[in-house]
Amino acid sequence: PTRPAAMTDPNEVGAWLRLTAGEGLGRAKARKLLAAFGSAPAVLQAGETAIAQVAGPAAGALLAAEPDAFHTDLLARTLAWLALGDGRCIVTVGDAAYPPALLQAADPPLLLYAHGRLDLLQREAVAIVGSRNPTAQGLDNARAFGRALSEAGWTVVSGLALGIDGAAHEGALGGAGSTIAVVGTGLDRIYPSRHEALTRSIAREGLLLSEFALGAPPLAEHFPKRNRIIAGLARGTLVVEAALRSGSLITARLALEAGRDVFAIPGSIHAVQSRGCHALLKQGAKLVEQVQDVLEELGGAARPPSADADEGTAPTLEPPEADPVLAALGHDPATLDALIARCGWPAPQLQARLLELELDGQVVRLPGGLFQRRGLA
């Protein structure tokens, strides 16, 4: 895996932090200044009058003043973090390492903190997003699609949230495409804490990415900003499960606005987690039943720069073998009474078979006396 050479010059790092971190300047004015002067150090060297002519008197006064305590402390923290090595670096909008797909999106971040394999930013990518409170079926789907897309050479991008995001990352780590986790905090924080082991695995085998300064907490307003990066990095976005009002739908909308493909997996008409996917399908998202549906839209398997890349056919998700109880169960949650009516089996025999299927990982028992099938059919 490629490990980047970090920007370590304190003056250069400090200039970029003055331009991008903290309150007061904002991305729009910072972008104008970079366009006018070419780099963050050049902006600070331009002087108050020149800065004011481009971005206004307040910006000129702000950047001409000595760094405040926030920026002084942040610079020390950032230099210490970079010194740890192991793939930690800062990527700015003018760098060759900056992801080309993100440059083509609206409002690309001016600076990204990265930890891991920087080469993944140059790969073709697909985003997988979804509910933080998924069904067992949804988790299975996210892992399976993440693994299959990664095995086909596509880097899987998601947001490291609980639920669908985490499952997609887990699946993708097993394939050649690996995974990028775009987070809503500084990279010196692990959020959510339940994903500590997964975060460390992604830092070793994939890439952690954030536009937020070190120490930044998981504020609510950070996550829509994070979502625009997820959508911008990916050729297409697959929504596995989502409620009608969710961050996943924000990501899908941003992908559509950027002219990228949006895919959705349909689910039960009775499931809250399926309503967002169904809404996307009504709006023209592509219905997905197997990974081949995604690959066909994207032009097939990606070709990552790997000597041992598989030149065979793209993987598909194989259906489980037929079983009378699974066939009767279908893919919507069902009660024991409903299954008795469908199968015609006596209750003791049906309960015994459901237990076998549950222990085998093919059926999950839900609250309220419901049973649901797992795996794709």
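Predicted model, so just to flag it, every value in this text is computed and none were measured. For every chain, the first residue of the written sequence is number 1, and numbering continues from 1 along that sequence. Local features in this predicted model are restricted to residues whose pLDDT is 70 or higher, and side-chain atom pairs enter the listing and the counts only when it is 80 or higher, whereas totals over whole chains, interfaces and linings include all residues. Just so you know, side-chain values use all the structure's heavy atoms and leave hydrogens and water out.

A. Examining the sheet that holds strand E11 (residues 363-366) more closely. Paired strands are those between which DSSP finds at least two bridges. Helical segments are the DSSP runs of H or I of at least four residues, strand segments are the runs of E of at least two, and each set is numbered from the N terminus. Strand order in this open sheet of 3 strands is E10-E12-E11, and the pairing throughout is antiparallel. One side of each edge strand has no neighbouring strand; the edge strands of this open sheet are strand E10 (334-335) and E11. Summarising the sheet, E11 and strand E12 (residues 370-373) pair through 4 bridges and their orientation is antiparallel. Among the inter-strand pairings, Leu366 is bridged to a residue of E12, identified as Leu370.

B. Summary view of the packing of aromatic side chains. Put simply, two rings from Phe, Tyr or Trp (the six-membered ring, in Trp's case) pair if the centres are within 6.5 Å, and we call them stacked under 30 degrees between planes, edge-to-face over 60, tilted for the rest. For the structure on display, the rule yields 2 aromatic pairs. Seen in terms of ring centroids, Trp81 and Tyr113 are 6.2 Å apart; in terms of plane orientation they differ by 70°. Their pairing is edge-to-face. With Trp81 in helix H6 (residues 69-83) and Tyr113 in strand E2 (residues 111-116), the pair connects residues that are 32 residues apart, well separated along the chain. Note on exposure labels: buried denotes an accessible area under 20% of the residue type's maximum, exposed denotes more than 50%, and partly exposed covers the range between, all computed with a 1.4 Å probe on protein chains only. You can call Tyr113 buried: its relative accessible area is 1%. Where Tyr191 meets Phe223, the ring centres are 6.2 Å apart and the plane angle is 45°; that geometry is what we call tilted. Separated by 32 residues along the polypeptide, Tyr191 in the loop between strand E5 (179-182) and helix H10 (196-205) and Phe223 in helix H11 (residues 222-233) bring together distant segments of the chain. Given the relative accessible area of 14%, Phe223 is considered buried.

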